[in-house]
Amino acid sequence: MKTIAIANQKGGVGKTTTAINLSAALAIEGRKVLLVDFDPQANSSIVVGLGPNSHAKTMYDVMSDPRVTISQVIQPTNTTDLFSAPANLNLAACEITLVNTAGRETVLKRSLSEVSEHFDYCIIDCAPSLSLLTVNALMASDEIFIPIQMGYFALEGVQHLMTIIDLVKSDLGHTDLRIGGVIITFYEKRVKMSQEVLERVRSFFKTLVFQSVIPRTIKLDEAASYHQTIFDYSPRSTGARAYRNLAAEVIKR
Ligand code: ADP
Ligand code: MG
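How each quantity is defined
- Residues numbered from 1 in each chain as written.
- Chains lettered and ligands numbered in written order.
- Predicted model: local features only at pLDDT ≥ 70, side-chain atom pairs only at ≥ 80, totals over all residues.
- Heavy atoms only, no water.
- Near = heavy atom within 4 Å.
- Polar contact = N/O pair within 3.5 Å; in protein donor to acceptor, adjacent residues only side chain to side chain.
- Areas by Shrake-Rupley, 256 points an atom, 1.4 Å probe, with all protein chains shown as cover.
- 1 Å grid on protein atoms, 1.4 Å probe; cavity = no way out; pocket = protein on both sides within 12 Å on 5 of 7 lines; lining within 4 Å.
- Points joined across faces, edges and corners; volume = space filled by probe spheres on them.
- Helix = DSSP H or I, 4+ residues; strand = E, 2+ residues; numbered from the N terminus.
- Nonpolar A, V, L, I, M, F, W, Y, C, P; charged D, E, K, R; others polar.
- Patch = residues over 30% accessible without salt bridge, like charges linked within 9 Å, V, L, I, M, F, W, Y side chains within 5 Å.
- Salt bridge = Lys/Arg side-chain N within 4 Å of Asp/Glu carboxyl O.
- Pairing = 2+ DSSP bridges.
- Contact = heavy atoms within 4.5 Å.
- Axes fitted to C-alpha atoms, helices over the stretch in contact; angles between N-to-C directions.

1. Let's talk about the site of ligand 1
Taken together, the neighbourhood of ligand 1 is formed by 14 residues, with G12, T16, T17, P215 and D221 sitting nearest. The backbone of G12 places a nitrogen or oxygen atom 2.7 Å from an oxygen atom of ligand 1. Between an oxygen atom of ligand 1 and a side-chain N or O atom of T17, the distance comes to 2.6 Å. Out of a free accessible area of 560 Å², ligand 1 has 80% covered by protein chains.

2. Side note on the layout of surface pockets
Approximately 530 Å³ is the volume found for the largest pocket. Elements represented by at least two residues in the lining of the largest pocket include exactly helix 1 (15-28) and helix 8 (218-225). Class assignment for the residues of the lining of the largest pocket results in eleven nonpolar, eight polar and four charged.

3. Description of a nonpolar patch on the surface
Nonpolar side chains collect at one region of the surface, where Y152, F153, V191 and M193 lie side by side and expose about 420 Å² of accessible area between them. Among the secondary structure elements, F153 is positioned in the loop between strand 6 (143-149) and helix 6 (158-170).

4. Concerning the sheet that holds strand 5 (residues 121-126)
Remark on secondary structure: sheet strands pair via backbone hydrogen bonds, oriented parallel or antiparallel. In space, the seven strands of this open sheet follow the order 3-4-2-5-1-6-7, with mixed pairing throughout. Whereas interior strands pair on both sides, the edge strands pair on one side only; in this sheet they are strand 3 (75-76) and strand 7 (178-185). Both strand 1 (residues 2-6) and strand 5 contribute to a ladder of five bridges, which runs parallel. Bridge pairing links T3 to C122 in strand 5. Packing against the sheet, helix 1 makes contact with strand 1, strand 2 (33-38), strand 4 (82-85), strand 5, strand 6 and strand 7, and its axis sits at approximately 165 degrees to strand 5.

Below you can see the structure in the form of structure tokens.
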């Protein structure tokens, strides 16, 4: 199982949209995929339609109760080969409960190791923060994918994320952790700034930037509002094509 954290401490850059639709695209390509919702906002749990009143166990239970294993939390989705480990708002409490846990940075890593034989990919949708939860996600991951939203502030804060990655490598000993790719999101072909920013991001991250860029398109937003992947909501849309192309690149890398 290859584990990939979709991380950027900025909110609204397309982490969740990418986590859901990249996971779905990999599943459509025949890979077995586990999508871990690691954001208390729980937006990527929508693919399993888990309502706030559900009594099902979530990632909160996995992170806070050693008796709960991740297999007890994993649920099938409407997409064949795509499975979800959902979250809810309770996950936010882990920031406090984890502090006194032995090996607090590696709780997720240890729980995922139990299912590593069952999946080809594990995609972790991270919270928009550089918290203990995000550190757990990085410790559990082989690679980080960083979505970058086209706009004037595109690279703002990226240095901070790089510092955290370096700390996880040097201080926590996860020396193999690497940036696996940078994903351009909200790209607008006809907007000059989009092209300028794309050039800037390419000159900063070089070949790490995926060739497939994700366009700004209302269809991706609508799909989420209908609790669907883009492939169920609008399989022929430019958004669907972009995420399929991205999945193909991910498989090749
Ligand atoms: P994050 O997880 O980084 O906070 P989201 O994936 O939740 O970001 O995206 C923020 C908002 O923008 C959501 O309402 C989402 O539906 C919308 N969105 C994400 N990607 C796109 C896109 N490429 N085009 C248009 N809207 C998008
Ligand atoms: Mg999100």
